[in-house]
Amino acid sequence: MDKVRMLSTLGLMGAMRSLSSAFEAASGIHVDADFAPTLALLKRLRAGEAADLVILTREGLDEVIAEGRVIADTAADLARSYVGLAVRAGQPHPDIATETALRRTLLAARSVAYSRLGASGVYFARLIARMGIADEINAKATIVEQGFTAERLVSGEADLAVQQISELKQVEGIEVIGPVPHDLQTPAVFSAGRMVDAKQAAAADRLLRFLASSEVVPVLRQSGLEP
C-alpha cells in the first residue's frame, strides 16, 4: 500500500483523523499522520524532518514556502478556526460574550490553561496583554507546552481552558462555552502544501485535492472548524 507522510497542526487533528480514514478507503493510500502545534512543526521541518504534505497556520506555511521547503503552487487554505473557552462538564458557563464579560471571567478564574506553542496560545498571550490583565492571568495560568489545554480541566488543574474550538472538542468530559468575542479575534487559517522533497508527490497531491474539496466540509464543521 502506498503511504503518504503528513505533518499537521493540532487544530485539525479531529477532522484529519476521520478524513484520513475516508481517503484511505477511497484511494488505497495510507496516511501516516503526526500532529503537533505549528511552532513545534516548524522547528522539526527546519531540523530536516521529512514529510510529503504539511498542514500549518497560513503564516507558518508562508514561512516554509519562503524557505524553499514547500511548493508555493500547491498551497491550499483548508479551514478557518476560532479560539474559544471551555469548562469541565457540568460546571456553570461563565459569560464571555463581550470584552468586559470576558475580562471579568478570566480574572475570576482560579487558573486559565493555555498553550505555549499553538496559534491559540500566541493569540491569547497578545489578547491578555492588550486587555491589560497579562500579569494577573499569567501569575495563575497553567501553561501547556503542547497538547490539549482542556485536559487540565479534567485533571482539575485549571477551571478555564483556552484553545482553538476544534482542539477543545478533542477532549472528553469538558464543555465548550463558546468563542472569544469575534471582534477580539483574528481566526487562524489552516493551510496545506506539498513538500519540495516529497517522496510520495503524486499521493500527496491526491490527498491535498481531497482535503481542499467540498466533500470534506461537513467533517470540518462537525469538528468546530469553518471551511
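Structure first, text after, so check above.
Every chain is numbered on its own, with residues counted from 1 as its sequence reads. Under the rules for a predicted model, residues below a pLDDT of 70 receive no local features and side-chain atom pairs below 80 are neither given nor counted, while totals for whole chains, interfaces and linings still include all residues. Hydrogen atoms and water are omitted, and side-chain values are computed over all heavy atoms in the structure.

Caption draft 1: Representation of empty space enclosed by the protein within the structure. The distinction between a cavity and a pocket rests on a 1 Å grid over the protein atoms alone: a 1.4 Å probe fits inside a cavity but cannot get out, while a pocket stays open yet meets protein on both sides within 12 Å along at least five of seven lines, and a residue with an atom within 4 Å of a point counts as lining. Grid points are joined across faces, edges and corners, and a volume is the space filled by probe spheres set on the points. One pass over the full model with this rule turns up one cavity of 30 Å³ or more. By volume, the largest cavity amounts to about 60 Å³. Lining of the largest cavity is provided by T9, L10, G11, P37, T38, G118, A119, S120, Q164, E167 and F190. Each residue is assigned to one class: nonpolar for Ala, Val, Leu, Ile, Met, Phe, Trp, Tyr, Cys and Pro, charged for Asp, Glu, Lys and Arg, and polar for all the others, Gly among them. For the lining of the largest cavity, the class distribution of residues is four nonpolar, six polar and one charged.

Caption draft 2: Region of the structure containing the packing of helix α2 (residues 38-46) against helix α3 (residues 58-66). Fitted lines through C-alpha atoms give the axes, limited to the stretch in contact for helices. The angle between two N-to-C directions lies from 0 to 180 degrees. Helix and strand assignments follow DSSP, with helices taken as H or I runs no shorter than four residues and strands as E runs no shorter than two, numbered in order from the N terminus. Relative orientation of the contacting elements α2 and α3 amounts to 10 degrees, with a least axis distance of 10 Å. With respect to α3, the axis of α2 lies roughly parallel. Facing α2, whose interface residues are T38, L42, L45 and R46, α3 presents G60, E63 and V64. Across the contact of α2 with α3, the residue classes tally to three nonpolar, two polar and two charged. Geometric relationships in this document are graded by angle, where less than 35 degrees denotes roughly parallel, more than 145 denotes roughly antiparallel, 65 to 115 denotes roughly perpendicular, and other angles denote oblique. We call two residues contacting when some pair of their heavy atoms lies within 4.5 Å.

Caption draft 3: Fine view of the pattern of salt bridges. When a carboxyl oxygen of Asp or Glu lies within 4 Å of a side-chain nitrogen of Lys or Arg, that pair is called a salt bridge. Following the criterion strictly, the structure yields 14 salt bridges and no others. Of the charged contacts, one joins E67 and R46 as a salt bridge, the two residues approaching to 2.6 Å between their closest N and O atoms. With E67 in the loop between α3 and β4 (76-81) and R46 in helix α2, the pair connects residues that are 21 residues apart, well separated along the chain. Overall, the relative accessible area of 36% leaves E67 in the partly exposed class. Burial classes: relative accessible area under 20% of the type maximum marks a residue as buried, over 50% as exposed, and values in between as partly exposed (1.4 Å probe, protein chains only). R46 sits in the partly exposed class, given a relative accessible area of 38%.

Caption draft 4: Expanded view of the pairing of strand β10 (residues 188-194). Where burial is concerned, most of β10 is hidden: six out of the seven residues are buried. Criterion used throughout: strands pair if DSSP finds at least two bridges between them. As paired strands, strand β3 (residues 53-57) and β10 are joined by five bridges and run antiparallel to one another. From the neighbouring strand, L56 faces β10, where its bridge partner is S191. The sheet contact formed by β4 and β10 spans five bridges and is antiparallel. Among the inter-strand pairings, D77 is bridged to a residue of β10, identified as S191.

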